[in-house]
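Below are the chains, spelled out letter by letter.
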Amino acid sequence: MKMASSTKLFSLTLFFLGIIALSNAQSLSLKYYSKTCPKVEYIVKKETNKIISVAPTLAAPLLRMHFHDCFVRGCDGSVLINSTTNNQAEKDGFPNLSLRGYGSIDRVKTAVEKECPGVVSCADILALVARDATVALHGPFWAVPLGRRDGRVSLANETLTNLPPPFFNITQLKASFASKNLTTKDLVVLSGSHTIGTSHCSSFSNRLYNFTGRGDSDPSLDPNYAARLRSRCPPADQTTLVEMDPGSFKTFDEDYYTLVAKRRGLFTSDSALLADSETREYVLRQARTKGSTFLEDFSESMVKMGKIGVLTGSQGEVRRRCAFVN
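Given the structure is predicted, the values throughout are model-derived calculations rather than measurements. Numbering of residues begins from 1 in every chain and follows the order in which that chain's sequence is written. Whole-chain, interface and lining totals are the exception, using all residues; otherwise, since this is a predicted model, local features are given only for residues with pLDDT of at least 70 and side-chain atom pairs are given and counted only at 80 or more. The side-chain numbers reported here are obtained from all heavy atoms of the structure, hydrogens and water having been left aside.

Participant: Got a minute to help me understand the UniProt feature "binding site: Ca(2+) 1" (unreviewed entry) in the protein in this structure?
Facilitator: UniProt positions are given in the numbering used here, feature names are shortened, and annotations may be inferred rather than shown by experiment. The positions that UniProt labels "binding site: Ca(2+) 1" (unreviewed entry) are, in the present scheme, D69, V72, G74, D76, S78 and E90. In three dimensions, the annotated residues from a span of 22 residues occupy one location, with a maximal C-alpha spread of 12.4 Å. Note on conventions: DSSP H or I runs of at least 4 residues are helices, E runs of at least 2 residues are strands, and numbering of each starts at the N terminus. Looking at the secondary structure, you find D69 in helix α3 (residues 59-71). Not counting residues up to four positions away in its chain, the partners in contact with D69 are G74, C75, D76, G77, S78, V79 and L126. By the element assignment, V72 lies in the loop between α3 and α4 (102-115). Those residues in contact with V72, other than ones at most four positions away along the chain, are S78, E90, E158, T159, N162 and L163. By definition in these notes, contact holds between two residues if any of their heavy atoms fall within 4.5 Å.

In structure tokens, the structure reads:
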């Protein structure tokens, strides 16, 4: 009887937490800063364009940073907080050690603070920069609902339990996205962000050498592509970078799905999209129709992702410097 009561209480707690999260997401607004900082989107776009024009390879890391922020404690800018002597923060968690672009976020924040001191959160700036960096590489535009507040807590160990690693299979990927109220379609659509950017060999070298303990490569990987990757990535290579979408890794397009359909997805998590009927159908349709709905779908899924676990109203704070809690 006691156990039944505890289970019921736990279920009710989850239910009410879900209602609070939904309420917070609905309180975001496209006009949130219309009176307090009307030029914020113009400033963010201007600074982001300057950054990407000089360093186009930063676009993918900035988009990835937004994803890594939202999947741990929600989109609250906690990925930007520095570690202290008493606390190891998210940015020093193993999955985030390869993140780049923190200086770019600081640069944009400084420009926004100059115009509107203490008004715009780092979480909102990160969401806007991710959008504008994508657009700068010919990706889609999406209207970003604003009003996120910055979190005060950032824990490295939470990155390991919340961020799906590149070796996840399709069952694990679907469970990870479902835990953030994202659908299987969101999973296959957001995976399309791998159309831009690079990866260290160490993120996929397990697929190239001794995959089953018999000196072989992953059978779900095209053997010619595996051979090409081995020529770039010697065993135990920790430093070499490989294009995730060879030939157009600086252009946001539908090529990713063409590669996955040909069994040339770089990560296990890319190949996994062919192991589920819904995700496979989406991959093959985008490859066949040259991404007929991909850009529109990506915009919708990014808006949805940008609402995960947001803090609003009097929750959290608006950080003056993104790397430090006020």
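Structure's up, so let's keep going.
Participant: What is the right way to look at the nonpolar core in this model?
Facilitator: Generally speaking, soluble globular proteins have nonpolar side chains that are buried together. Counting 67 residues, the largest nonpolar core has I105, F298 and M305 as its most contacted members. The contacts of F298, once residues within four sequence positions are left out, are L63, P140, W142, V189, L190, S193 and F252. The definition of a nonpolar core used throughout is a set of buried Ala, Val, Leu, Ile, Met, Phe, Trp, Tyr and Cys residues joined through side-chain atoms within 4.5 Å. Summary of the burial criterion: residues with accessible area below 20% of their type's maximum are buried, those above 50% are exposed, and those between are partly exposed, where the area comes from a 1.4 Å probe applied to protein chains only. Counting 12 residues, the second largest nonpolar core, distinct from the first, contains L221, C233, L266 and F267.

Participant: Help me understand helix α2 (residues 40-54) in this model?
Facilitator: Each turn of an α-helix holds 3.6 residues, which means side chains three or four residues apart point in the same direction. Between its terminal C-alpha atoms α2 stretches 22 Å, which fits the 21 Å expected from 15 residues at 1.5 Å a residue. Every buried residue of α2 is accounted for by V40, I43, V44, E47, T48, I51 and I52. Looking straight down α2, one finds its buried side chains confined to an arc of 150°; they lie on one side. Structural note: α2 exposes Y42 and S53 on the side pointing more than 90 degrees away from its buried face. Residues of α2 that are buried sit in contact with α3, α4 and α5 (122-136). A helix is expected to reach a length of 1.5 Å times the quantity of its residues less one. Directions drawn from the helix axis to the C-beta atoms are what define this arc.

Participant: Where do I start with the UniProt feature "binding site: heme b" (unreviewed entry) in the protein in this structure?
Facilitator: If you check UniProt for "binding site: heme b" (unreviewed entry), the listed places come out as H194 in our numbering. As for its placement among the helices and strands, H194 is situated in the loop between α8 (184-190) and β1 (198-200). Once residues within four sequence positions are removed from consideration, H194 is found in contact with M244, D245, Y256, F267 and D270.

Participant: Where do I start with the packing of aromatic side chains in this structure?
Facilitator: A ring pair, where both rings are aromatic, is described by two values, the distance of the centres and the angle of the planes. Between the rings of Phe, Tyr and Trp (Trp by its six-membered ring), a pair exists once the centres lie within 6.5 Å; its type follows the angle of the planes, with under 30 degrees stacked, over 60 edge-to-face, and the other angles tilted. Here the structure, examined in full by the defined rule, presents 12 aromatic pairs. Their ring planes at 65° and their centres at 5.1 Å tell us that F71 and F177 sit as a pair that is edge-to-face. Of this pair, F71 sits in helix α3 while F177 sits in helix α7 (residues 170-178), and the two are 106 residues apart along the sequence. Taken individually, F71 and F177 each receive the classification buried, so the pair is uniform in this respect. An aromatic cluster is defined as three or more aromatic residues linked by ring pairs; in this entry it consists of W142, F252, Y256, Y257, Y282, F294 and F298.

Participant: What is the right way to look at a nonpolar patch on the surface in this model?
Facilitator: A surface patch of nonpolar side chains, about 380 Å² in accessible area, is lined by F94, L97 and L160. Summarising the element assignment, L160 is placed in helix α6 (residues 157-162). Relative accessible area serves as the criterion here: at 58%, L160 is assigned to the exposed category. Like-charged residues within 9 Å of one another, or nonpolar side chains (Val, Leu, Ile, Met, Phe, Trp, Tyr) within 5 Å, are grouped into patches, provided each residue has over 30% relative accessible area and no salt bridge. Residue-level accessible areas treat just the shown protein chains as cover; the underlying method is Shrake-Rupley with a 1.4 Å probe. A carboxyl oxygen of Asp or Glu within 4 Å of a side-chain nitrogen of Lys or Arg is what we treat as a salt bridge.

Participant: So what exactly am I meant to see when it comes to the packing of α3 against helix α13 (residues 294-305) here?
Facilitator: Each pair of packed helices can be summarised by the angle the axes make with each other and by the distance between the axes. Viewed as axis vectors pointing N to C, α3 and α13 meet at an angle of 45°, and their least axial separation amounts to 10 Å. With respect to their mutual orientation, α3 and α13 come out oblique. Contact with α3, carried on its side by L63, H66, F67, C70 and F71, involves F298, M302 and M305 of α13 and no other residues of that element. Any residue outside Ala, Val, Leu, Ile, Met, Phe, Trp, Tyr, Cys, Pro, Asp, Glu, Lys and Arg is labelled polar, Gly included; the first ten of those are nonpolar and the last four are charged. In terms of residue class, the contact of α3 with α13 is made up of seven nonpolar, one polar and no charged. The convention used is that axes are lines fitted to C-alpha atoms, helices contributing only their stretch in contact, and that angles between N-to-C directions extend from 0 to 180 degrees. Roughly parallel covers angles under 35 degrees, roughly antiparallel covers those over 145, roughly perpendicular covers 65 to 115, and oblique covers all other angles.

Participant: Would you explain the state of the cysteines in this entry?
Facilitator: One way to say it: the disulfide is the covalent bond shared by the sulfur atoms of two cysteines. Throughout, a disulfide means two cysteine sulfur atoms within 2.5 Å of one another. All told, the structure shown has four disulfides when counted by the stated rule. Here C37 engages in a disulfide with C116; their sulfurs sit 2.0 Å apart. Residues C37 and C116 are joined by a disulfide whose S-S torsion is about 80°; by sign, that bridge is right-handed. A residue pair is termed long-range when its members are at least 10 positions apart, and C37 in the loop between α1 (2-26) and α2 and C116 in the loop between α4 and α5 qualify at 79 residues. C37 gets classed as buried once you look at its relative accessible area, which sits at 0%. Disulfide pairing is shown between C201 and C233; the S-S distance is 2.0 Å. Here C201 and C233 share a disulfide; its torsion about the S-S bond, -70°, makes the bridge left-handed. With C201 in the loop between β1 and α9 (223-232) and C233 in the loop between α9 and β2 (241-243), this pair connects stretches of sequence that are 32 residues apart. Each member of the pair, C201 as well as C233, carries the same accessibility label: buried.

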